[in-house]
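Summary of the model geometry
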Amino acid sequence: MTIPEQHLRAFTYRIFKSIGCSDADASLAADVLVSADLRGIDSHGVARLSGYVRLWEDNRLNATPNVRIVHETPSTATVDGDGGLGLVVAPYAMDVAIEKARQYGSGWVAIRNSNHFGIAGYHALKAVEQEMIGYALTNASPLVAPTFSSERLLGTNPICYAFPAGQYPPVVVDMATSAAANGKLEIADRTGKPIPEGWALDTQGNPTTDAAAVKKGGALLPLGSDREHGSHKGFGLSATVDILSGVLSGANYGPWVPPFVAYLQPVADQPGQGIGHFVGAMRVDGFRPVSEFKANMDQWIARFKEARRINEQQPVVIPGEPEYESVQQRKTHGIPLVDAVWQDLMGLASKFGIESPAAGH
């Protein structure tokens, strides 16, 4: 099923309104999810919509949060999300970071008591729109085993940097610190496809290609897969995200992070509040004139695009380039949805008595 962006956006907005979100929050939350689909990150788009509804039904999501700053200095702050949608809480925090950067050169905000915030790139790109470098991290459901272990202690814990450029699109480094994002396993499971070896372990700690392995009690592997291929580096990156997002903010961390996935439940005696994020913004002109930086960014991009190829048919891909191209394609031709996601949306339409996103299409 392929749905025009505006239809999917309107449907997603109505679902968030149906659970009690304000007009502004429903519109913002829909924008974050549809932006993921436009960028081709289907695992974090409307495929996640039923998950937010499930959290709301389980009284784990506050649809009308009082998002506020609870601690700050001129260039730093801690934001309490009051159990709200991370899709709303994280943009609020990034706005705080941007305003601090506008005044003091950089702004850094830790966030606690939040929920799943969608794609990290959405939040980092808010800074790029202001001629700044953006930074966004979040911890997540404990599904990843650290190096030398099969116990699920960390999330996929994505990290994102976004850099403005001149004639080229921004460079956006947006990646999980696990061998693969959990959403990729979910998509493979929905379509009945195996996953590459090196992504996950089964319940016995053995490598597996079963896309449902993590749901069955297995674990995702850190970036690098195993020690011989550098998993200690992925573990280190994931640990950094967890500490900045959870320990620094007062949110939960490690195995205590409240899960977003349906097959896990929150553990008792949590040391913090909700899920944690960490965002930052740095003014480019705090270091050098923006025009000079952008000119050099363009030169950097152009040189890498000209790199000598191993395969003549495959050029070097600049971080963020596939997502930019996906936006151009999907804004024109619509957003494709796999059948399982479409059925999820139909279930939500029925639950709340609203028209499907295909209405009028």
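To be clear, the structure that these remarks concern was listed above.
Notes on the structure in this doc start here. (Residues numbered from 1 in each chain as written. Predicted model: local features only at pLDDT ≥ 70, side-chain atom pairs only at ≥ 80, totals over all residues. Heavy atoms only, no water.)

A closer look at the overall build of the protein chain
- Helix and strand content of the protein chain: 10 helices and 12 strands.
- Taking 2.2 N^0.38 as the reference for a compact globule, 361 residues should give roughly 21 Å; the C-alpha atoms of the protein chain span a radius of gyration of 20 Å, in line with that estimate.
- Projected onto the principal axes, the alpha-carbon positions of the protein chain cover approximately 50 × 50 × 50 Å.
- Counting across all 361 residues of the protein chain, residues that qualify as buried make up 51%.
- In the form shown here, the protein chain has an accessible surface area of approximately 15900 Å², with 51% of it arising from carbon and sulfur atoms.
- Averaging the coordinates of the 30 positive side-chain charges in the protein chain and doing the same for the 37 negative ones gives two points 2 Å apart. (Helix = DSSP H or I, 4+ residues; strand = E, 2+ residues; numbered from the N terminus. Rg over C-alpha atoms; globule rule 2.2 N^0.38 Å. Buried < 20%, exposed > 50% of the residue type's maximum accessible area, 1.4 Å probe, protein only. Areas by Shrake-Rupley, 256 points an atom, 1.4 Å probe, with all protein chains shown as cover. Lys, Arg positive; Asp, Glu negative; His and termini not counted. Charge placed at Lys NZ, Arg CZ, Asp CG, Glu CD.)

Regarding the packing of helix 1 (residues 5-18) against helix 10 (residues 339-352)
- In the contact formed by helix 1 and helix 10, the axes pass within 11 Å of each other and the chain directions differ by 45°. Compared by their axis directions, helix 1 and helix 10 come out oblique. As helix 1 runs across helix 10, the sense of the crossing is left-handed. Contact residues: helix 1 offers L8, F11, I15 and S18, while helix 10 offers L345, L348, A349 and F352.
- Partitioning the contact of helix 1 with helix 10 into residue classes produces seven nonpolar, one polar and no charged. (Axes fitted to C-alpha atoms, helices over the stretch in contact; angles between N-to-C directions. Parallel < 35°, antiparallel > 145°, perpendicular 65-115°, else oblique. Left-handed = near helix turned anticlockwise from the far one by under 90°. Contact = heavy atoms within 4.5 Å. Nonpolar A, V, L, I, M, F, W, Y, C, P; charged D, E, K, R; others polar.)

Points about the packing of helix 1 against helix 3 (residues 49-57)
- Running from amino to carboxyl end, helix 1 crosses helix 3 at an angle of 5°, the nearest separation of the two axes being 11 Å. When the axes of helix 1 and helix 3 are compared, the pair comes out roughly parallel. Every residue of helix 3 that contacts helix 1 at F11, T12, I15, F16 and S18 is listed here: L49, Y52, V53 and W56.
- Looking at side-chain class alone, the contact of helix 1 with helix 3 contains seven nonpolar, two polar and no charged residues.

A short note on empty space enclosed by the protein
- For the structure on display, the rule yields two cavities of 30 Å³ or more.
- Approximately 50 Å³ is the volume attributed to the largest cavity.
- Looking at the largest cavity, the residues that line it are N182, L185, E186, D189, A211, V214, K215 and Y263.
- Class assignment for the residues of the lining of the largest cavity results in four nonpolar, one polar and three charged. (1 Å grid on protein atoms, 1.4 Å probe; cavity = no way out; pocket = protein on both sides within 12 Å on 5 of 7 lines; lining within 4 Å. Points joined across faces, edges and corners; volume = space filled by probe spheres on them.)

With respect to the packing of aromatic side chains
- Tallied over the full model, the rule gives 10 aromatic pairs.
- Note on Y52 and F260: the rings are 5.0 Å apart at their centroids and 55° apart in plane angle, and the pair reads as tilted. Placement of the pair is Y52 in helix 3 and F260 in the loop between helix 7 (231-247) and strand 11 (275-283), with a sequence separation of 208 residues. As far as the burial class goes, Y52 and F260 line up, both buried.
- A centroid spacing of 6.2 Å and a plane angle of 85° characterise the contact between Y135 and F278, whose relative ring orientation is edge-to-face. One end of the pair, Y135, is in strand 5 (residues 132-138); the other, F278, is in strand 11, and 143 residues separate them in sequence. (Phe/Tyr/Trp six-rings, centres within 6.5 Å; stacked < 30°, edge-to-face > 60°.)

Focus: the pattern of salt bridges
- This model, assessed by the stated rule, comprises 19 salt bridges.
- Across the salt bridge formed by K331 and E5, the nearest N and O atoms sit 3.1 Å from each other. One end of the pair, K331, is in helix 9 (residues 321-333); the other, E5, is in helix 1, and 326 residues separate them in sequence.
- Taking the relative accessible area as the measure of exposure, K331 reaches 48% and is therefore partly exposed.
- With a closest N to O distance of 3.5 Å, R48 and E186 form a salt bridge. Of this pair, R48 sits in the loop between helix 2 (23-38) and helix 3 while E186 sits in helix 6 (residues 182-190), and the two are 138 residues apart along the sequence.
- Judged by relative accessible area, R48 falls into the buried class, the value being 7%. (Salt bridge = Lys/Arg side-chain N within 4 Å of Asp/Glu carboxyl O.)

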